[in-house]
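# Observations on the model geometry
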Amino acid sequence: MGTRIRLSAAAAWLACAAAVAADRYCENDVALVDTHFEGGVFHRCVVRDGNFVITIRPEDDKVRVPMPWYAFRVSPKKPGVAVFLMGFVDGDADRFWPKVSADGANWQPLPESVVAMSDDASRLAMRIPLRGAPLWVASQRLLTTAYYDERVRQLAAHPEITMRTLGASLRGRPLFVVETAPRTEGVLLLGRQHPPEVTGALTMRSFVDTVLADTELGRAFRDRFALVMVPLVNPDGVAAGHWRHNAGKTDLNRDWGPFRQPETRHIRRLLEVIEDRGIALRLMLDFHATQATENALFYTQRSQDGDGSAHAFAVDWLQRVQDRLPDIEFDHKPSKSESANAKNYFFNRYGIPSITYESGDETDPAWIHRATPLFAEEMMNVLLNAP
Ligand SMILES: [Zn+2]
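Conventions we followed
Residues numbered from 1 in each chain as written. Predicted model: local features only at pLDDT ≥ 70, side-chain atom pairs only at ≥ 80, totals over all residues. Heavy atoms only, no water. Pairing = 2+ DSSP bridges. Helix = DSSP H or I, 4+ residues; strand = E, 2+ residues; numbered from the N terminus. Axes fitted to C-alpha atoms, helices over the stretch in contact; angles between N-to-C directions. pLDDT = per-residue confidence, 0-100. Contact = heavy atoms within 4.5 Å. Donors = N, O, S within 2.8 Å, 3.2 Å for Na, K, Ca; no water. Tetrahedral: all angles 85-135°; square planar, octahedral: opposite > 155°, others 65-115°. Disulfide = S-S within 2.5 Å. Buried < 20%, exposed > 50% of the residue type's maximum accessible area, 1.4 Å probe, protein only. Parallel < 35°, antiparallel > 145°, perpendicular 65-115°, else oblique. Nonpolar A, V, L, I, M, F, W, Y, C, P; charged D, E, K, R; others polar. Left-handed = near helix turned anticlockwise from the far one by under 90°. Phe/Tyr/Trp six-rings, centres within 6.5 Å; stacked < 30°, edge-to-face > 60°. Lys NZ or Arg CZ within 6 Å of the ring centre and 35° of its normal. 1 Å grid on protein atoms, 1.4 Å probe; cavity = no way out; pocket = protein on both sides within 12 Å on 5 of 7 lines; lining within 4 Å. Points joined across faces, edges and corners; volume = space filled by probe spheres on them.

### What about the sheet that holds strand 6 (residues 80-88)?
Here five strands make up an open sheet; going across it, the order is 3-4-6-10-9 and the pairing mixed. For this open sheet the edge positions go to strand 3 (44-48) and strand 9 (115-117), each flanked by a neighbour on one side alone. In this sheet, adjacent strand axes meet at a mean angle of 20° when their direction is disregarded. Here five bridges tie strand 4 (residues 51-56) to strand 6, and the two strands are oriented parallel to one another. Paired with I54 across the strands is M86, a residue of strand 6.

### Let's talk about the confidence of the model for the protein
Summary statistics for the protein give a mean pLDDT of 94 and a share of 94% for residues scoring 70 or more. Long-range and interchain partners of residues 1-5, a stretch whose pLDDT sits below 50, account for zero contacts in this model, where long-range means more than four residues apart. Segment residues 13-20: pLDDT under 50, and three contacts once partners within four positions in sequence are set aside and those in other chains are kept.

### Let's talk about the coordination of the zinc ion
Those protein atoms acting as donors to the zinc ion are H194 (ND1), E197 (OE), E197 (OE) and H288 (ND1), and they sit at 2.1 to 2.4 Å. The site at the zinc ion holds four donor atoms, and with the angles between them running 57 to 145°, its shape is irregular.

### A few points about the state of the cysteines
Within this structure, the stated rule accounts for one disulfide. Covalently, C26 is tied to C45 through a disulfide, its sulfur atoms 1.8 Å apart. Taken together, the positions of C26 in strand 1 (residues 25-27) and C45 in strand 3 put the pair 19 residues apart, joining distant regions of the chain. Residue classification places C26 among the buried positions, given a relative accessible area of 6%. Note on C45: relative accessible area 4%, which makes it buried.

### Topic: the packing of helix 2 (residues 145-156) against helix 3 (residues 198-212)
For the pair helix 2 and helix 3, the least separation of the axes is 13 Å and the interaxial angle reads 5°. In terms of orientation, helix 2 lies roughly parallel with respect to helix 3. Of the residues in helix 3, those touching helix 2 at Y147, Y148, R151, Q154 and L155 are A201, R205, V208, D209 and L212. Residue classes in the contact of helix 2 with helix 3 are distributed as six nonpolar, one polar and three charged.

### Brief notes about the side chain of D361
With respect to the secondary-structure elements, D361 resides in the loop between strand 19 (354-360) and helix 9 (365-385). D361 has contacts with R95, F96, Q140, T199, A289, T290 and Q291, leaving out every residue within four places of it along the chain.

### Some words on the packing of helix 6 (residues 262-276) against helix 8 (residues 342-350)
One way to put it is that helix 6 packs onto helix 8 with a least axis distance of 14 Å and a crossing angle of 30°. On the basis of the axis angle, helix 6 is roughly parallel to helix 8. In the crossing of helix 6 with helix 8, the sense of the turn from one axis to the other is right-handed. Note on element contacts: helix 8 touches helix 6 through Y345, F346, R349 and Y350, opposite R268, L271 and E275. Per-class residue counts for the contact of helix 6 with helix 8 are four nonpolar, no polar and three charged.

### Remarks on the packing of aromatic side chains
Tallied over the full model, the rule gives 25 aromatic pairs. Pairing F298 with F375 gives two aromatic rings, centres 5.1 Å apart and planes at 35°, and the pair type is tilted. On the criterion of sequence distance, the pair formed by F298 in strand 17 (residues 296-300) and F375 in helix 9 is long-range, its members being 77 residues apart. Residue classification places F375 among the buried positions, given a relative accessible area of 1%. Site record: aromatic cluster; members linked through ring pairs are F207, F287, F298, F313, W317, F330, Y357 and F375. Looking at R268, its charged tip hangs above the ring of F259, at a distance of 4.5 Å from the centre.

### Examining the pairing of strand 14 (residues 185-191)
Counting buried positions over the seven residues of strand 14 gives seven, a clear majority of the element. One ladder, built from six bridges, connects strand 14 with strand 15 (residues 225-230); its direction is parallel. Looking at the pairing, L189 lines up with M229 of strand 15.

### Focus on empty space enclosed by the protein
For the structure shown, the criterion picks out three cavities of 30 Å³ or more. Of all the secondary structure elements, the ones that give two or more residues to the lining of the largest cavity are helix 2 and helix 3.

Printed below as a string of structure tokens:
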């Protein structure tokens, strides 16, 4: 009898667990849909009337910013059309335009003709024609931890660059720091605190490539400044396809001060090492993405913050870029908040320009590749002009 009670309790627990655990695949007669790859995730997939009904929801109940990440693979069983009815729990279907890829690496926005959205942006429908080969569908292009492994290895082949790990994330993934030769002054770059902000990662890549280029300006800059970068601050969130948090249910860009998470603590320790080595930080740039801008948005200090020099840096920098490319549009928002974000932490601690460098969620990669090198070059020019 006792055994039977325990079994039924276990059965109830299993049923309950099944009700909350995320699905990894579903199928109909046309295709199999799965999330068995890095960054692949949806909460639930069921087939109803031949359609794939997919539910998207945040990774935990503390997520406050609706950044509905999803990514799944569609493997055709025969030529046909797969219809996806997507429901968003606590998220906006219109935050990200759905994208499709034939190889998981090169992505295109889905044509408007095959996407429909409900008026309240809680639901999205997609009709995707299938031929023989699998397709990937995602709210943003996939840049996984494997991408960063490759990127860091590639950077480390540069003769001036050293790469090491700061330590492990909460789930044991390495946190890489990539540095140019030590100098008495330094610039810190942070990336990917928020997993879905992929255009910010593309921007950071272009920015870094410009600073590392074998140009007169790049060489002069690297002779005077050490470039220190942590390109992937939140590897667990990226790997799991999170909307916002790390594996500790925390928005890492609200942990600069509390330092409750290993990822931010490792970077705090990195800063102590930088100070011990006699490197004076001159600038911090933190790469993100937002729907609040078409192309780029810079959250900087205000003129009344500190001695005004952090604001003056931003004005000089951004004006130089505008002068060189008068036709490009971007936004500058001097701001101050009490948020425990990197921008506030680095300004309060070091008094240096500490800037959240936002790309637009849907900014065309062509815009990023045209404009970002200029932002990098003028950043170098302004810092090299300083006494
Ligand atoms: Zn962000």
